[in-house]
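Spelled out from the first residue to the last, the chains are:
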Amino acid sequence: MNFEENIQYVKGIGPKKAQALNKLGIENKYNLLTYYPKRYNDQSDITPISEIEYDETVNVKGYIISIQEKISYKGMKIITVLLSDDTGTLQIIWFNQPFLARSLKKGMNLFVKGKISYAYGGSGQFCIKQIISYFLLDDEQNEQCEFLPIYILPGTIKPKFYRSILTDTLSDLHNIPCALAESIRNEYKLLTKADALRKIHFPKSEEDIEASRKMLIFEELFMIQCGLIHLRKIHTQNKHGIHCLLNSTLVKKLYSALPFKLTADQEKVWSEICNDMQSSTPMQRLLQGDVGSGKTVIAVLALVKAVENGWQSALMVPTEILARQHFRNFCLLLDPLGIKTGLLLGSLSAKEHRDALQQIKTGKWQIIIGTHALIQDKVEFANLGLVITDEQHRFGVAQRAYLEAKAVHIPDVLVMTATPIPRTMTLTVYGDLNVSMIRHLPPGRKNIRTFLRTKSAREKIYQFVLKEIKEGRQAYVVCPLIEISENIKTVSAEEMFEKLNTGIFKNINCALLHGKLSAIEKEQIMQDFFANKIHLLVSTTVIEVGVNVPNASIMVVEGADRFGLAQLHQLRGRIGRGQYKSYCILLSDSKSSKTVERLSLMEKINDGFVLAEEDLRLRGPGQFFGAMQHGLPDLKIANVLSDVNILLDARKAAEKWCANKNPMTEIIRTINIQYKNDFLKITDI
C-alpha cells in the first residue's frame, strides 16, 4: 500500500471530503491511520431492557418496532422510537432532530446509551422505560466494535463512513512504516505497528486499548528522541570542536567588576559551563532560570571566555528591544576590557547592515548581539566559537541549528530560557541538551503580590493604579488582543487604551504598544517608558520579553483567562525589579471552575518551576509544544505527564540505538511521513 497516497483519491472521499479532512491534518492514508480516537463508547457491556433500572445509565441494543413523528403545540418536532430486545421494550425520544427520521427504519438494529427515566400514561395507570434525547451511537452494530471509537470530525464526515474508510485502509498494513526495530519491540514487549493500529481503532477490550497505546506512544517519543540525537550527530560530522583554556585575565577582570556577587546557583551553573567550554566535547547546554534569576550575567561571562580564547561569540534574542537593551548593558561592562561588541538587526539601514556584515566577517566585532538577522545567508563569521540563544522557546530547533552551522568548527552552544519547563518536557523538547538550572532569585528581588479579581472590580483597581502612578510609579496594562474581534469576546489593547487615555488617566502620559507597530516605534515607546516619560503602558504580550524597568511596580492583566500560567508568570516578571512593592492583578469573568482554579494558583505560587508543573498538569502538553519549541511536532498520542515512564524507556532505547550506530533510515522515513513539515526536517539540516 502507498501510505503517502493523497486522501482525496481514497474510494468514497473525493475533493470536498478531502478538504475537510485536510483541516484535521489528514492528507494521506498514513495521516488517516494516525488520527487516533478521542475516546471510546463501551459497547461490550449490554444491559437487557428487562433488567434496566430507573436513573441508571446503560448501553442498550435492540431493533425498532415502531417510529412515530409528531409536532408539539409549541412547534417542536418529536421523534419517538419503540425499541425491543425480546426481553422488553424501551421508548427513545429525540426533540428537534428531524434528520433522524430519514435514517431510522422499522426493524433496524439500534445501539443507544442513555439514562433511564419513566413515561407515565393517563392518570399514572402505566409507565414505560424511556431515554430522552440521547444520541444514536451506531445504526448498524459492527461486531468488531466492542469499544466504538469516537473521533472529532467535521460535520461533512459521518462517523460510520469514517470508520468504513479506516476499516478498508487497515486491511493492508504489511509495509506500514515503523520506527521501532523488532529487537526494541521484543525488549519492551510492544505490539507490531500493524496490530497496534488495528487495536487502537477497533479494540475488543480494555487490554487492546492499553497495549496499542503503549506501542504507539513509545514509537512517537522514540522518534523524537532519535531525531534530536541525530540532529546533534549530523552537526558534528566533518567538523572539529573548539577548546577553551582555564579562565584568565579578561574573565577574571569582568568577574571582579560585577556590581554584585553571584548566587550559589549562579556559581554552580558557571562552573558547569566552564567545564563544558574547557572540554574537547562541544558544549550543548540548556540554562533554565526563572524571570530575573540572573541568566544574562552568566551569558556575558561565557561570551568573554570565548573571546579570551580567540573566538567570536553570538547572542541571538527574539526581539530588537531586548537586543538593544543587551547591547547597551554589555558595552558598559565590556568596553573597559577592550572587547568590541556589535549589533545586527533587521531594522538597520542598508549601509549599517553592510558595515555590520563586514565587521562580523573580518572578526573586528568579537561579540555580536542580534535577532533572527543573525541566521540570514549573507552573515559570515570569521571564527564563531560560541552560540547563545536567549528565550529559546521563541526560536525553532532549525533556527538554532542554522546559526550553529555558520561556524567552521563545532561551536559551543548555550540555550537559555526564562520559561521554566517541567522535567518531562525538558527531556522531550530539549532532548539533545544537558540541563543547568538557576532555582533561586538573587537577593533584593521583591515578591510580587498577585490578585485574581472579576471585572466588577475594574474601577476600584484602576483607582489604585492611578494612586501608584501619582506616587511616582509606572504601570503596565496587558490585553490579549490588539484590536476588537467579532469571534473572540475579550478586551483589546486598542479599546482599553482609548478608554483609559480619555477617562481616568486622561492627565497621565499613556502609550499603546503592540506587535503591529514598526520596530522603531516599539523601540521608542519602550525607551520612553524606561525613561519615565510614559507612566501607563497599555500593551499586548509584546512586553513579555522587554526592557528592565525598575520603576514599574504594577501590572493589570485584562482577560487573564486567555493566557497560560507560564505566560502570565513571564508577564508578571516585568515588574518587581526595583525597590518598590509590586502588584499583579488578574482580571477574568470566566465561570469555568477549571479556569478559576488555574488562575488562583498565580495568587499562591511565585516559583515559576512549580507553576510550570501545574500548567502542564492542567492544560496538557500540547500547549507547551506549541509555545516552547517551533519545529517539534504536537504529540499525536503521547502525554508526557501521564506517560513519563514510557518516555524514559523510549529515551533510553533511542540513546542505545543511536550509540550502537544502528541505521536511521526507517526512523527518518517514519518521522518524515508522520510529521512532514511539522518536525525538524531532519534530512535537510
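This is a predicted model, so every value here is computed, not measured.

(A) A look at the side chain of T450. Looking at where T450 falls in the secondary structure, it is placed in strand β17 (residues 448–453). A relative accessible area of 7% places T450 in the buried class. Of the polar contacts made by the side chain of T450, one reaches the backbone oxygen of I448; its length is 3.4 Å. In this structure the side chain of T450 is engaged in a polar contact, spanning 2.8 Å, whose partner is the side chain of R572. Not counting residues up to four positions away in its chain, the partners in contact with T450 are R572, C584, L586, M602 and E603.

(B) Structural context of the pattern of salt bridges. Here the structure, examined in full by the defined rule, presents 19 salt bridges. D355 serves as the salt-bridge partner of K351, at 3.0 Å between the closest nitrogen and oxygen. Residue K351 and its partner D355 are both found in helix α12 (residues 350–362); the two are separated by four residues, about one turn of the helix. A residue is classified by how much of its surface remains accessible, and D355, at 37% relative accessible area, is partly exposed. Note that E603 and R453 form a salt bridge whose closest N and O atoms lie 4.0 Å from each other. Of the two residues, E603 sits in helix α19 (residues 593–604) while R453 sits in strand β17, which places them 150 residues apart along the sequence. With relative accessibility at 33%, the residue E603 sits in the partly exposed group.

(C) The packing of helix α11 (residues 320–334) against helix α17 (residues 519–530), seen in detail. At a minimum axis separation of 9 Å, α11 and α17 run at an interaxial angle of 55 degrees. With respect to their mutual orientation, α11 and α17 come out oblique. In the crossing of α11 with α17, the sense of the turn from one axis to the other is right-handed. Where α11 abuts α17, its residues E320, I321, R324 and R328 lie against A519, K522, E523, M526 and Q527. Considering only residue class, the contact of α11 with α17 consists of three nonpolar, one polar and five charged.

(D) Layout of α17. Between the first and last C-alpha of α17 there are 16 Å, a value that for 12 residues agrees with the 16 Å anticipated at 1.5 Å per step. Turning to α17, its buried residues number three or more, namely K522, E523, I525, M526, D528 and F529. Buried residues along α17 sit against α11, β18 (474–478), β19 (510–513), β20 (536–539) and β21 (552–557). Looking at the residues trailing α17, positive phi occurs at N532, about 65 degrees.

(E) Here's a closer look at the state of the cysteines. This model, assessed by the stated rule, comprises zero disulfides. Unpaired in this structure, C274 has its nearest cysteine sulfur neighbour in C244, at a distance of 9.2 Å.

(F) Seen up close, the sheet that holds β21. Here six strands make up an open sheet; going across it, the order is β17-β22-β21-β18-β20-β19 and the pairing parallel. Taken across any chain shown, the strands that pair with only one partner, and hence form the sheet edges, are β17 and β19. Going across the sheet, the axis of each strand differs from the next one's by a mean of 15 degrees, ignoring polarity. Two strands pair when backbone bridges link them, and β18 and β20 are joined in this way by four bridges, in the parallel orientation. Bridge pairing in β20 places V478 opposite S539. Most of the contacts of α19 go to β17, to which it runs at about 155 degrees, and overall it touches β17 and β22 (582–587).

(G) Quick look at the packing of helix α18 (residues 565–572) against α19. Where α18 contacts α19, the axes come no closer than 10 Å and their chain directions differ by 35 degrees. Judged by the sense of rotation from one axis to the other, the crossing of α18 with α19 is right-handed. Along the contact surface, α18 presents L565, L568, H569 and R572, while α19 presents R598, L599, L601 and M602. Tallied by class, residues from the contact of α18 with α19 come to five nonpolar, one polar and two charged.

About the criteria used
- Residues numbered from 1 in each chain as written.
- Predicted model: local features only at pLDDT ≥ 70, side-chain atom pairs only at ≥ 80, totals over all residues.
- Heavy atoms only, no water.
- Helix = DSSP H or I, 4+ residues; strand = E, 2+ residues; numbered from the N terminus.
- Buried < 20%, exposed > 50% of the residue type's maximum accessible area, 1.4 Å probe, protein only.
- Polar contact = N/O pair within 3.5 Å; in protein donor to acceptor, adjacent residues only side chain to side chain.
- Contact = heavy atoms within 4.5 Å.
- Salt bridge = Lys/Arg side-chain N within 4 Å of Asp/Glu carboxyl O.
- Axes fitted to C-alpha atoms, helices over the stretch in contact; angles between N-to-C directions.
- Parallel < 35°, antiparallel > 145°, perpendicular 65-115°, else oblique.
- Left-handed = near helix turned anticlockwise from the far one by under 90°.
- Nonpolar A, V, L, I, M, F, W, Y, C, P; charged D, E, K, R; others polar.
- Expected span 1.5 Å × (residues − 1).
- Disulfide = S-S within 2.5 Å.
- Pairing = 2+ DSSP bridges.

As far as function goes, none of this settles anything; it's purely spatial.
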